[in-house]
Amino acid sequence: MENQKDLFGIKKNFLALALFIVIILVAVDIVLRISPGTLKPERGGGGKISAVGHHHQFKDGSSYYIYTIFENNGDVYQCWWDENVWNQKKVTNYKSAPLDPQ
């Protein structure tokens, strides 16, 4: 008689589904705690950048802009405006630069 009340095994299927969802959530939690970059790897190349800059205006009306740009791959660039064009020069890569012995 009890089988007739639950013809499709809903209780049994619901319990299996709930258990499956809990297992998936625990697995995702473990992966994110161990290695957060696994699900969202960083892009190669420049990706994220930071910049520090300065602008100075002289009394004669001329001015200059100079920026230091840091990329997440370690590249450091110096950029400046010479009132005609922007110039850029790679200065160093801080991730691969050798340390000076002291």
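## Here we look at the sheet that holds strand 1 (residues 49-57)
Sheets are built from strands that pair by backbone hydrogen bonding, the pairs being arranged parallel or antiparallel. Here four strands make up an open sheet; going across it, the order is 1-2-3-4 and the pairing antiparallel. Bordering the open sheet on either side are strand 1 and strand 4 (86-93), each of which pairs with just one other strand. Averaged over all pairs of adjacent strands, the angle between their axes in this sheet comes to 15°, without regard to strand direction. As paired elements, strand 2 (residues 63-71) and strand 3 (residues 75-81) share six bridges and run antiparallel to each other. Among the inter-strand pairings, Ile 66 is bridged to a residue of strand 3, identified as Trp 80.

## Let's talk about the confidence of the model for the chain
Of all residues in the chain, 78% have pLDDT values of 70 or greater, and the mean over the chain is 78. Mean pLDDT across the elements of the chain bottoms out in helix 1 (residues 2-5) (62) and peaks in strand 3 (88).

Calculation notes
- Residues numbered from 1 in each chain as written.
- Predicted model: local features only at pLDDT ≥ 70, side-chain atom pairs only at ≥ 80, totals over all residues.
- Heavy atoms only, no water.
- Pairing = 2+ DSSP bridges.
- Helix = DSSP H or I, 4+ residues; strand = E, 2+ residues; numbered from the N terminus.
- Axes fitted to C-alpha atoms, helices over the stretch in contact; angles between N-to-C directions.
- pLDDT = per-residue confidence, 0-100.

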